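# Residue-level structural notes
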Amino acid sequence: MEQLPDSRGHFGQYGGRFVPEALMRALDELDEAYRKAKVDPEFINELAHLHRTYSGRPSPLTEARRFSQHAGGARIFLKREDLNHTGSHKINNVLGQALLTKRMGKRRVIAETGAGQHGVATATAAALMGLECVVYMGEVDTQRQALNVARMRLLGAEVVAVTSGSRTLKDAINEAMRDWVTNVDSTHYLLGTVAGAHPFPEMVRDFHRIIGIEAREQFLEATGHLPTAIAACVGGGSNAIGIFHAFLDDDVQLWGFEGGGKGIETGEHSACLTGGEPGVLHGARSYLLQDADGQTIESYSVSAGLDYPSVGPEHAYLKDIGRARYEPVNDDKAMDAFALLCRTEGIIPAIESAHALAGALRLGHTLGPAASIIVNLSGRGDKDVVTAARWFGLAEA
Amino acid sequence: MNARLDDAFATARGEGRAALIGYFPAGFPTVESSIAYITAMVRGGVDVVEVGLPYTDPLMDGPVIQRAVEAALVNGTHTADVMQVVAEVAGTGAPTLLMSYWNPIEHYGVERFARDLAAAGGVGVITADLTPEEAGPWNAATDTHDLARVFLVAPSSTSERLKIVADETTGFVYAASLMGVTGERSALSSAAETLVRRTREVTSRPLAVGLGVSTPRQAADIARFADGVIVGSAFVRAVMDAPDHAAALMAVEDLASTLAAGVRQR
């Protein structure tokens, strides 16, 4: 496929830069710093060294034999991003951007977080590299992901509970942008997904491409062929784009599973590629949940990490050209898959990743017993234990 | 370029002063009362009005305007209502611009939005998060309907960007007095004056300074080097702090008249 985005960050009609003028210089500087760094052997080696000695890369590829028995006979493999340091794929991007922050001579990072995984990863990298760190988190999310709030504070980050708007990820991003526009000279906005203004969707994608590169090689080594399909959950879309990219030119189906919440028909979901339309939010044009006036509609998902009303612009593009397909997975199906993976494989997944697992079970039945599917197991479920125990009625009253 | 907007700046310049530009969000706290408050602003001496289009994700706005637009949306303010507010305010004779984030305009339809705003009597649009690079269809629509385009420059803007922005601006250039979001500040830095001086080197368009301006003293200071002084949050706060509607009307008019005196100070 052609190299996207273009020099102004467009993936077809999507992406671009819709930001206050005050941020344009910082975005230009970031773009320039990134372009220099990504071809600088010193930067490349430093990041590779951190992946190997700090995150624990490469993450393994595990065949889920007992889980596969529930997938119509298809073979399911798990790309184990849950085993990375801090418990999710988020560390890949964070280490890259934290190194860039130092190269740009900035001493402070800010981040938004939904489930808290990106916040924890950012707090971790900030501690490692001696950067000041402030994480913005919707008040609703600080309650449902209390464990991660404690982790961030232990790591020395300041966590700001955002009380405006819907008090979730969308509003945490608004607040982080307000901080950035005020403190842009000293501060890098360490954005956690493939959304936002150019160059974030491209840069964050590039830092996560390692997931797909490793998975492709590992799968070929294990089976001698390519998989039939890739399955990943999609909130902002960073883990999905990370595993998709290495397979873009292959004859491999790419499937993204969005938060179907209580069902698209109820209006309580976060599936903007299924139930949204093109619009602009947080610096880029993409699919968006919006009303007749172009006002953002609040999303809903049992998973805080998928609870966002838009999605990275490259996914919007891949959907429109038909290279990737996106379907919603409702809360109940995701939680069933969550339980199944616990019981069949001894792995507690993040509820986000459970959406991809549920999607893979569905795909397995469609594709048949000859099929093989790699699921990006983007994170582990320690943070979700309370939510899951409540869901399954396992918590003490 | 819009003649009515240019005339307002020319008149002020002819009187040896800066134009006073007042912002107020449509629909706060209701559509009807927002019209009344803006009309009171004009009575008090505001030369040019910015009607704010309430938006769910106002990331350039501080807490005061955030609260106001949230209330406006909760009370059911739609884009059609905002057009109505513009029509009523334009009826006072004050040149009336709309201030909006981009998505409500794009979703309404860029051409349709420009046409309807012009039909309502609007003279231009300030777009808070639209960069000239993304403004192709918007430039065409605003030119067709004789609406002034207002883009922002900031203290962080490089000289190259000042020129890019100013070249696409057909109304006044909106100079952000500081790095940050809207809201009152007790003291303004020298950044605004520096920015205005740098911007004058690349354009002959009028330059108006906004963000953080709330007092007659600040208005007077800015009027010494800028063509326009923009005040927003202070008007909203005047309404929030008033015990009732009548007191709010009076507070808004009083604030407008003291600011109007400010821009006339020598």
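Before reading on, note that the structure itself is shown above.
Let us look at the structure shown here. (Residues numbered from 1 in each chain as written. Chains lettered and ligands numbered in written order. Predicted model: local features only at pLDDT ≥ 70, side-chain atom pairs only at ≥ 80, totals over all residues. Heavy atoms only, no water.)

## Some words on the overall build of chain B
Cut-off, in case you're wondering: Starting at the N terminus, helices and strands are each numbered in turn, a helix being any DSSP run of H or I of at least four residues and a strand any DSSP run of E of at least two. With the radius of gyration taken over C-alpha atoms, the globule rule is written as 2.2 Å times the number of residues to the power 0.38. Residue burial is assigned from relative accessible area. The probe radius is 1.4 Å, only protein chains are included, and a residue is buried under 20% of its type maximum, exposed over 50%, and partly exposed in between. Note on contacts: a residue pair is in contact if any heavy atoms of the two residues lie within 4.5 Å. Computed with the Shrake-Rupley method and a 1.4 Å probe, the accessible areas treat only the protein chains shown as cover for residues.
Across its full length, chain B carries 12 helices and nine strands. For chain B, whose C-alpha radius of gyration is 17 Å, the value lies close to the compact-globule estimate of 18 Å for 266 residues. For chain B, the C-alpha atoms occupy an extent of roughly 45 × 45 × 30 Å along the three principal directions. Residues classed as buried in chain B amount to 64% of the 266 residues present. Pairs at least 24 residues apart make up 72% of the contacts formed inside chain B by residues separated by at least 6 positions. In the structure as shown, chain B presents an accessible area of about 9100 Å², 53% of it carried by carbon and sulfur atoms.

## Digging into the environment of Ile-347 of chain A
Residues and elements named next belong to chain A. Mapping Ile-347 onto the fold places it in the loop between α13 (331-345) and α14 (351-367). Overall, the relative accessible area of 8% leaves Ile-347 in the buried class. Residues in contact with Ile-347, not counting those within four places in the same chain, are Leu-78, Arg-80, Asp-82, Leu-341, Cys-342 and Leu-377.

## A look at helix α1 (residues 3-14) of chain B
Residue and element names in this part refer to chain B. Operational definition: By this rule, a helix spans an expected 1.5 Å times one less than how many residues it contains. What the arc measures is the spread of directions leading from the helix axis to the C-beta atoms. Polar contact criterion, stated in full: a pair of N or O atoms within 3.5 Å, where within protein one must be able to donate a hydrogen and the other to accept it, and residues adjacent in sequence count only if both atoms are side-chain atoms.
Helix length check: α1 (12 residues) gives 16 Å between terminal C-alpha atoms against 16 Å at 1.5 Å per residue, within 8%. Burial in α1 covers these residues: Leu-5, Ala-8, Phe-9 and Ala-12. All buried residues of α1 lie within an arc of 90° about the axis, which places them on one face of the element. Across α1 from its buried face, at more than 90 degrees, point the exposed residues Ala-3 and Gly-14. Packing partners of the buried residues in α1 comprise β1 (19-25), β2 (48-52), β3 (96-100), β5 (148-150) and β9 (228-231). For α1, the N-terminal capping position is held by Asn-2, with its side-chain oxygen 3.0 Å away from the main-chain nitrogen of Arg-4. Where α1 ends, the next residue or the one after it, Gly-16, has phi of about 70°, a positive value.

## A word on the nonpolar core
In plain terms, the rule: We define the nonpolar core as a collection of buried residues of types Ala, Val, Leu, Ile, Met, Phe, Trp, Tyr and Cys that are connected through side-chain atoms lying within 4.5 Å of one another.
Counting 196 residues, the largest nonpolar core has Phe-244 of chain A together with Trp-138, Phe-172 and Phe-235 of chain B as the members making the most contacts within it. Once residues within four sequence positions are removed from consideration, Phe-244 of chain A is found in contact with Ile-230, Ala-232, Leu-254, Trp-255, Gly-256, His-315, Leu-318, Ala-324 and Tyr-326 of chain A. Within the second largest apolar cluster, 34 residues are counted, among which are Ala-74, Ala-231, Ile-347 and Ala-354 of chain A.

## Thoughts on the pairing of strand β14 (residues 372-377) of chain A
All names here are of chain A. The following threshold applies: A pair of strands counts as paired when DSSP detects no fewer than two bridges linking them.
Across the six residues of β14, six count as buried, placing the element largely inside the fold. Side chains of β14 alternate between two faces, with Ser-372, Ile-374 and Asn-376 and Ile-373, Val-375 and Leu-377 buried alike. Sheet analysis places strand β9 (residues 229-234) next to β14, joined by three bridges and oriented parallel. When the bridges of β14 are listed, Ile-230 appears paired with Ile-374.

## Here we look at a nonpolar patch on the surface
Residue and element names in this part refer to chain A. Here is the rule: A patch consists of residues exposed above 30% relative accessible area that lack any salt bridge, with like charges linked at up to 9 Å and nonpolar side chains (Val, Leu, Ile, Met, Phe, Trp, Tyr) linked at up to 5 Å. Salt bridge, as applied in this entry: a Lys or Arg side-chain nitrogen positioned within 4 Å of an Asp or Glu carboxyl oxygen.
The grouping of Trp-391, Phe-392 and Leu-394 at the surface amounts to a nonpolar patch, some 310 Å² of accessible area in total. Structurally, the position occupied by Trp-391 is in helix α15 (residues 385-391). For Trp-391, a relative accessible area of 39% gives the class partly exposed.

## Structural notes on the environment of Tyr-317 of chain A
Residues and elements named next belong to chain A. Mapped onto the secondary structure, Tyr-317 falls in helix α12 (residues 313-320). Judged by relative accessible area, which is 14%, Tyr-317 ranks as buried. In this structure the C-alpha to C-alpha distance between Tyr-317 and Phe-11, which are 306 residues apart in sequence, comes to 6.0 Å.

## Topic: the interface of chain B and chain A
Spelled out, the test is: Accessible area that two parts lose when put together, evaluated with a 1.4 Å probe and summed over both, is termed the buried area. Polarity classes work like this: nonpolar for Ala, Val, Leu, Ile, Met, Phe, Trp, Tyr, Cys and Pro, charged for Asp, Glu, Lys and Arg, and polar for all others, with Gly in that last group.
Across the boundary between the two partners, chain B contributes 37 residues, which contact 37 residues of chain A. Area buried by chain B at its contact with chain A is led by Leu-59, His-107 and Glu-134 of chain B, which between them contribute 21% of it. Between the two partners, chain B and chain A, sit three salt bridges. The partner of Lys-170 of chain A in a salt bridge is Asp-57 of chain B, and the shortest N-O contact between them spans 2.8 Å. The element best represented in the side of chain B that touches chain A is helix α5 (residues 102-108) of chain B, accounting for five residues. Looking at the side of chain B that touches chain A, its residues break down into 18 nonpolar, 11 polar and eight charged.

## Re the pattern of salt bridges
All names here are of chain A. Considering all chains together, one arrives at 45 salt bridges over all chains under this definition. Among the ionic pairs, Arg-205 bridges to Asp-206, the shortest N-O distance being 3.1 Å. Owing to a relative accessible area of 4%, Arg-205 belongs among the buried residues under this scheme. Close ionic contact of Asp-382 with Arg-380 constitutes a salt bridge, the shortest N to O distance being 3.8 Å. A network of salt bridges, in which partner residues are shared, links Asp-31, Arg-35, Lys-38, Glu-202, Arg-205, Asp-206 and Glu-314.

## Quick notes on unusual backbone geometry
Cis geometry marks the peptide bond from Leu-4 of chain A to Pro-5 of chain A; its omega dihedral reads 5°. Take Pro-5 of chain A: it is sitting in the segment before β1 (10-11). In this structure, Pro-199 of chain A follows His-198 of chain A across a cis peptide bond, with omega equal to 15°. Along the chain, Pro-199 of chain A turns up in the loop between β8 (187-189) and α9 (200-223). Not every positive phi belongs to a glycine, and Asp-146 of chain B is a case in point at roughly 55°. Along the chain, Asp-146 of chain B falls in the loop between α7 (136-144) and β5. Of note in the backbone geometry, Leu-211 of chain B takes a positive phi value of approximately 85° without being a glycine. On the basis of relative accessible area, Leu-211 of chain B is assigned to the buried category, the value being 6%.

## Section: the sheet that holds strand β13 (residues 324-330) of chain A
All names here are of chain A. To be explicit about the condition: Between N-to-C directions, angles span 0 to 180 degrees; the directions come from axes that are lines fitted to C-alpha atoms, helices contributing only their stretch in contact.
Taken in spatial order, the six strands make up an open sheet running β3-β4-β14-β9-β10-β13, and their pairing is mixed. Strand pairing shows two members of the sheet lacking a second neighbour, β3 (61-63) and β13, which therefore form its edges. With strand direction ignored, the average angle separating the axes of adjacent strands in the sheet is 30°. In the packing of α9 onto the sheet, the strands contacted are β3, β4 (75-80) and β14, and the crossing angle to β4 comes to about 140°. Each of β3, β4, β10 (253-261), β13 and β14 touches α13; the most contacted strand, β13, lies at about 90° to it.

## Quick word on the sheet that holds strand β7 (residues 158-162) of chain A
All names here are of chain A. Strand order in this open sheet of four strands is β7-β6-β5-β8, and the pairing throughout is parallel. Strands at the two margins of the open sheet, each flanked by one partner only, are β7 and β8. Neighbour-to-neighbour, the strand axes of the sheet open up by a mean angle of 25°, direction not taken into account. The pairing of strand β6 (residues 132-138) with β7 spans five bridges and is parallel. What sits directly across from Val-135, in β7, is Val-159. Its contacts with the sheet put helix α8 (residues 169-183) on β5 (108-113), β6, β7 and β8, and the angle it makes with β5 is roughly 160°.

Worth remembering: the numbers are spatial, not functional.
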